[in-house]
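Each chain, written out:
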Amino acid sequence: AQLTAKDIFAPGNITLNNAGNNIAGTIVVTNAKDFSLTNSANTAVQAGSAAVVGSAMTGLTTINTSYGKSITLSTAGGGDFGVVSFNAGGNVNITDPNGITLRNITNSGTSTVNVTTTNGPINLDSGISLGSTGLTTLTAGGATGRIVDTAAGINAYGPVSFSSSNDISLTKAGHSFGAVT
């Protein structure tokens, strides 16, 4: 499915929050401000396309999946995720060419979380509560790659791996992590 909300200069919002959604395959969002999806299938979302160059998702991207179902967020054609929130029942893989802010993210079971920026920071914001025993891997690359907290009380029960081409700065109070590498 390919989705476009309004135009590239004033994007609209896309909301697909019916609990009965069972959308298989990759959802390509060529233009939207906020994108929200509840899905009972494995979920793959691509921001941007080779045909439409520009920031495809400029606002908040929210994905909720059923138990055991994965989330994959990727980009093409200059696409970008600004702020990402998720409630994941399975593994989560996010790749963004620029910076990304993680806010209100949760998981459970043994699922893993992998977030990679190729040239930008990873900002850890409020509402991060990863209850899974699986590995969380945060990799910030490029000239502006760094990992910073912008809120207190970040929790990850399982092991966490931080890798940055620049600094890692977790200075707010109340964080709780499993084994850190």
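See the structure above.
Residues numbered from 1 in each chain as written. Predicted model: local features only at pLDDT ≥ 70, side-chain atom pairs only at ≥ 80, totals over all residues. Heavy atoms only, no water.

With that settled, consider the pattern of salt bridges. A complete count under the given rule lists one salt bridge for this structure. For the salt bridge of Asp125 with Arg103, the shortest nitrogen-to-oxygen distance reads 2.7 Å. Within this pair, whereas Asp125 is found in the loop between β12 (122-124) and β13 (129-130), its partner Arg103 is found in strand β10 (residues 100-107), the two being separated by 22 residues in sequence. Given the relative accessible area of 13%, Asp125 is considered buried. We classify Arg103 as partly exposed; its relative accessible area is 28%. (Salt bridge = Lys/Arg side-chain N within 4 Å of Asp/Glu carboxyl O. Helix = DSSP H or I, 4+ residues; strand = E, 2+ residues; numbered from the N terminus. Buried < 20%, exposed > 50% of the residue type's maximum accessible area, 1.4 Å probe, protein only.)

Once that is clear, we can look at the nonpolar core. One finds Val45, Phe86, Ile94, Leu102, Ile122 and Leu124 to be the most contacted residues of the largest nonpolar core, which totals 34 residues. Sort the elements by how many residues they give to this core and strand β8 (residues 81-88) lands first, with four residues. When sequence neighbours within four positions are dropped, the list of residues in contact with Ile94 reads Leu73, Val84, Phe86, Ile100, Leu102, Asn114, Val115 and Thr116. (Core = buried A, V, L, I, M, F, W, Y, C linked by side-chain atoms within 4.5 Å. Contact = heavy atoms within 4.5 Å.)

What follows is about the environment of Gly153. Position of Gly153 among the secondary structure elements: in the loop between β15 (147-149) and β16 (155-156). Note: C-alpha distance between Gly153 and Ile128 (25 residues apart in sequence) is 7.7 Å. If we ignore the near neighbours within four places in the chain, the residues touching Gly153 are Ile128, Ala173, Gly174 and His175.

Take the pairing of strand β5 (residues 43-47) next. With five of its five residues buried, β5 lies for the most part within the structure. Because side chains alternate across β5, one face comprises the buried residues Thr43, Val45 and Ala47, and the other comprises Ala44 and Gln46, equally buried. The pairing of strand β3 (residues 26-31) with β5 spans four bridges and is parallel. Of the residues in β5, the one forming a bridge with Thr26 is Ala44. (Pairing = 2+ DSSP bridges.)

Geometric descriptors of this kind do not, in isolation, establish any biological role.
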